[in-house]
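# Tertiary structure, described
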Amino acid sequence: MDVAGLLAYGLFFLNLVGIYAIMALGLNMQWGMTGQFNIGIAGFFAVGAYTSAILTTGSSPTWLGGFGLPFLLGLAATVLVCLPIAWLVGRITARLRTDYLAIATIGIAEIIRLFFLNEGWLTNGVRGIPGIEKPLGTGNGGYLLIVTAFVALIWLLVEMARRSPWGRVLRAIRDNEPATAAAGKDIARFRLQAFVVGSCIMALAGGLYAHFVGFVSPEAFRPLYGTFLVWVMLIAGGSGNNLGAILGALVVWLIWSSTEMLAGVLPTDLIGSESAFRVFLIGVLLQIILVSRPQGMLPERRPPMPGEQR
């Protein structure tokens, strides 16, 4: 591969890292800060991707389009559309904990994906929506600047939330829910707020993904790519640490990309299915991290209290 090819691959790689980092930051709001075991990430990711794709593409006889909205309006719409969906899902699952919440959210994510698959008038079904343009005709290099700006903005906002009184209540709910309730905090309301905010961040990542790839179809939102990898990124990077979520996205996507090259050179008789081999290697990585660094590469650090010296 020549220098130009390596540069193009590097830009493609970093754009996807940034998009996954935003999803990991959204999950960190739910799991790392509040302890909500959401396995339905792919559903909100799909909502954002299809919303922006439908609203920013031209007219077509095979799907609902023709709105032609600008890029930023399309991204804003991903949040506005996801907001009531996330609120409804959060209300339905408000009383569920741990494994029950996981089962419910992964089921809802599959319902969303199958809805986009079967409602061809809206999404063109299995054939997907093509022709989603990058803003102002930017290439991968220009788009990387946009993705980086969104990563920085989301990190700043989530970090401010983590250090705020609202963030301290979320961590208190995660660490000791009965004591937090005894202190007079509305547990259900805070949980719902964290769930909705985290889900809207995931939807925003979906909108960025749609414009980067230029095509969306239901296959892109299967649990492996839209949920499992995001969880590995957050756990590997450091649950509760926003910088850890970004670092985890970089490291895990680097390993995931490297396993594709490794699977390509190893004998098929040795590894069997290439996709299964890649998942196996990611699973091994996760086990190594859980055993050697159970708190992740960047463990959570409690932010200083008001007036406290660090």
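Figured I'd write up the structure that's included with this text. (Residues numbered from 1 in each chain as written. Predicted model: local features only at pLDDT ≥ 70, side-chain atom pairs only at ≥ 80, totals over all residues. Heavy atoms only, no water.)

## A few points about helix 2 (residues 41–56)
Helix length check: helix 2, at 16 residues, gives a terminal C-alpha distance of 23 Å against a target of 22 Å (1.5 Å per residue), a fit within 8%. The buried fraction of helix 2 amounts to 16 of the 16 residues, a majority that puts the element mostly inside the structure. (Helix = DSSP H or I, 4+ residues; strand = E, 2+ residues; numbered from the N terminus. Expected span 1.5 Å × (residues − 1). Buried < 20%, exposed > 50% of the residue type's maximum accessible area, 1.4 Å probe, protein only.)

## Quick word on the packing of helix 3 (residues 71–92) against helix 9 (residues 187–213)
A pair of packed helices can be characterised by two numbers: the angle between their axes and the separation between those axes. Packing of helix 3 against helix 9 leaves a shortest axis separation of 8 Å and a crossing angle of 145°. Considering how the two elements wind past one another, helix 3 and helix 9 form a crossing that is right-handed. In this structure, helix 3 uses Phe-71, Leu-75, Thr-78, Val-79, Cys-82, Leu-83, Ala-86, Trp-87, Val-89, Gly-90 and Arg-91 to contact helix 9, whose residues at the interface are Leu-192, Phe-195, Val-196, Ser-199, Cys-200, Ala-203, Leu-204, Gly-207, Leu-208 and His-211. The residue makeup of the contact of helix 3 with helix 9, split by class, is 15 nonpolar, five polar and one charged. (Axes fitted to C-alpha atoms, helices over the stretch in contact; angles between N-to-C directions. Left-handed = near helix turned anticlockwise from the far one by under 90°. Contact = heavy atoms within 4.5 Å. Nonpolar A, V, L, I, M, F, W, Y, C, P; charged D, E, K, R; others polar.)

## Observations regarding the state of the cysteines
As enumerated under the stated definition, the model contains zero disulfides in all. Left unpaired, Cys-82 is separated from the closest cysteine sulfur, that of Cys-200, by 4.3 Å. You can call Cys-82 buried: its relative accessible area is 0%. Given a relative accessible area of 8%, Cys-200 falls into the buried group. (Disulfide = S-S within 2.5 Å.)

## Some remarks on the nonpolar core
Soluble, globular proteins show a tendency: their nonpolar side chains are buried together. If you look at the biggest cluster of nonpolar residues, it comprises 81 residues, and the most contacted ones within it are Val-216 and Trp-253. Examining the composition of this core, we find that 16 residues originate from one element, helix 9, more than from any other. Leave out the neighbours within four places in its chain, and Trp-253 touches Phe-13, Leu-16, Val-17, Tyr-20, Leu-229, Met-233 and Gly-248. (Core = buried A, V, L, I, M, F, W, Y, C linked by side-chain atoms within 4.5 Å.)

## Observations concerning the packing of aromatic side chains
For the coordinates displayed, the defined rule picks out 15 aromatic pairs. Ring centres of Trp-31 and Phe-37 lie 5.6 Å apart, and the angle between their planes is 50°; on these two criteria the pair is classed as tilted. Residue Trp-31 is classed as partly exposed on the basis of its relative accessible area, which comes to 29%. When the ring of Phe-45 is compared with that of Phe-221, the centres are 5.4 Å apart and the planes differ by 75°; the resulting orientation is edge-to-face. Placement of the pair is Phe-45 in helix 2 and Phe-221 in the loop between helix 9 and helix 10 (223–237), with a sequence separation of 176 residues. One exposure class covers both Phe-45 and Phe-221, and it is buried. (Phe/Tyr/Trp six-rings, centres within 6.5 Å; stacked < 30°, edge-to-face > 60°.)

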